[in-house]
Amino acid sequence: MATSSPQQASITVLISGSGSNLQALLDAANTPTLPNAKIIRVISDRKDAYGLKRAQAAHIPTTHHGILPYKKQHPDSGQDGKPPTFEAARRAYDKDLAELVLADHPSIVVCAGFMRILTPSFLDPLAAASTPVINLHPSLHGDLVGADCIGRAWREFEEGKREKTGIMVHYVIAEVDMGEPIVQQEVDIRGCATLADLEARMHETEHPLVVKGTKAVLEKKRQ
Ligand SMILES: Nc1nc2c(c(=O)[nH]1)N[C@@H](CN(C=O)c1ccc(C(=O)N[C@@H](CCC(=O)O)C(=O)O)cc1)CN2
Ligand SMILES: NCC(=O)N[C@@H]1O[C@H](COP(=O)([O-])[O-])[C@@H](O)[C@H]1O
């Protein structure tokens, strides 16, 4: 079991990729930007996530919790000619993920680029333990939901359909990316020449925002 001192808030971070937002949390933890807080575990659904290396470099316990064994144990060939949903695999995966997370008794769970939809099999045990789950999402509340929101905003900008997008940190509920926003920041796309420019501008905005959102929830818990 990962540990932190009694008065310190403990943070578990879920990732799937590079972990630049995880790095922002690692850099801020236990500083005036994110006081009395320690990241106690980083969990990735992808073994090759560079964020795992970032955590290991910071001597933070890491766990790879992959979906493949669950898909093998709960095969799904689809129904009525529709593609498989792997609902049984998702539920079993999420149940075990909840047990893995709760074994550390974190104060909060932060999804920082975690690219799996979380089902009630995960969300309900966390709620029962009064452990908030929050997510960093590269869009403003009620605008774009799901994966590839930066790419979609860029394509709409190129089509002249929008000039701005944004970022939010929100509570995670079953309905994807529709949980109550905690903090949000608008991002102007104008001046970006490429998708890479927009991605860089979004990341630049995300890094302080994910820390700000995490701090806000921890302060609310302490009240
Ligand atoms: N129940 C919820 N789960 C998650 C939320 C949420 O608000 N409610 N936020 C996401 C993060 N996210 C967007 O912010 C997001 C991530 C991934 C997907 C998605 O469609 N994932 C696919 C798998 C993709 C893959 O394997 O590469 C899937 O799960 O089928 C949508 C939204 C975290 N989870
Ligand atoms: N729908 C969720 C989603 O798209 N999240 C996005 O994944 C990236 C993770 O980057 P990182 O691995 O460098 O922190 C971030 O841009 C985050 O907004």
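Structure: above.
Computed from a predicted model, the values in this text were never measured in an experiment.

**Structural notes on the layout of surface pockets**
Roughly 800 Å³ of internal volume is contained in the largest pocket. Gly-113, Phe-114, Met-115, Leu-136 and Pro-138 are the residues nearest the centre of the largest pocket, which is lined by 35 residues in total. Taken together, the elements giving at least two residues each to the lining of the largest pocket come down to α1 (20–28), β5 (133–137), α6 (149–158) and α7 (195–222). Class assignment of the residues belonging to the lining of the largest pocket gives a composition of 16 nonpolar, 13 polar and six charged.

**Quick notes on the site of ligand 2**
Taken together, 13 residues sit near ligand 2, with Gly-19, Ser-20, Asn-21, His-203 and Glu-206 positioned nearest. Taking Gly-19, its main chain carries an N or O atom lying 2.8 Å from an oxygen atom of ligand 2. Measuring from an oxygen atom of ligand 2, one finds a side-chain N or O atom of Glu-206 at 2.3 Å. Protein contact buries 87% of the 460 Å² of open area that ligand 2 shows by itself. The cavity that encloses ligand 2 is the largest pocket. If you list the elements that add at least two residues to the shell around ligand 2, you get α1, β5 and α7. Grouping the amino acids of the shell around ligand 2 by side-chain chemistry returns three nonpolar, nine polar and one charged.

Analysis parameters
Residues numbered from 1 in each chain as written. Chains lettered and ligands numbered in written order. Predicted model: local features only at pLDDT ≥ 70, side-chain atom pairs only at ≥ 80, totals over all residues. Heavy atoms only, no water. 1 Å grid on protein atoms, 1.4 Å probe; cavity = no way out; pocket = protein on both sides within 12 Å on 5 of 7 lines; lining within 4 Å. Points joined across faces, edges and corners; volume = space filled by probe spheres on them. Helix = DSSP H or I, 4+ residues; strand = E, 2+ residues; numbered from the N terminus. Nonpolar A, V, L, I, M, F, W, Y, C, P; charged D, E, K, R; others polar. Near = heavy atom within 4 Å. Polar contact = N/O pair within 3.5 Å; in protein donor to acceptor, adjacent residues only side chain to side chain. Areas by Shrake-Rupley, 256 points an atom, 1.4 Å probe, with all protein chains shown as cover. Sits in = over half its atoms within 2 Å of the grid points.

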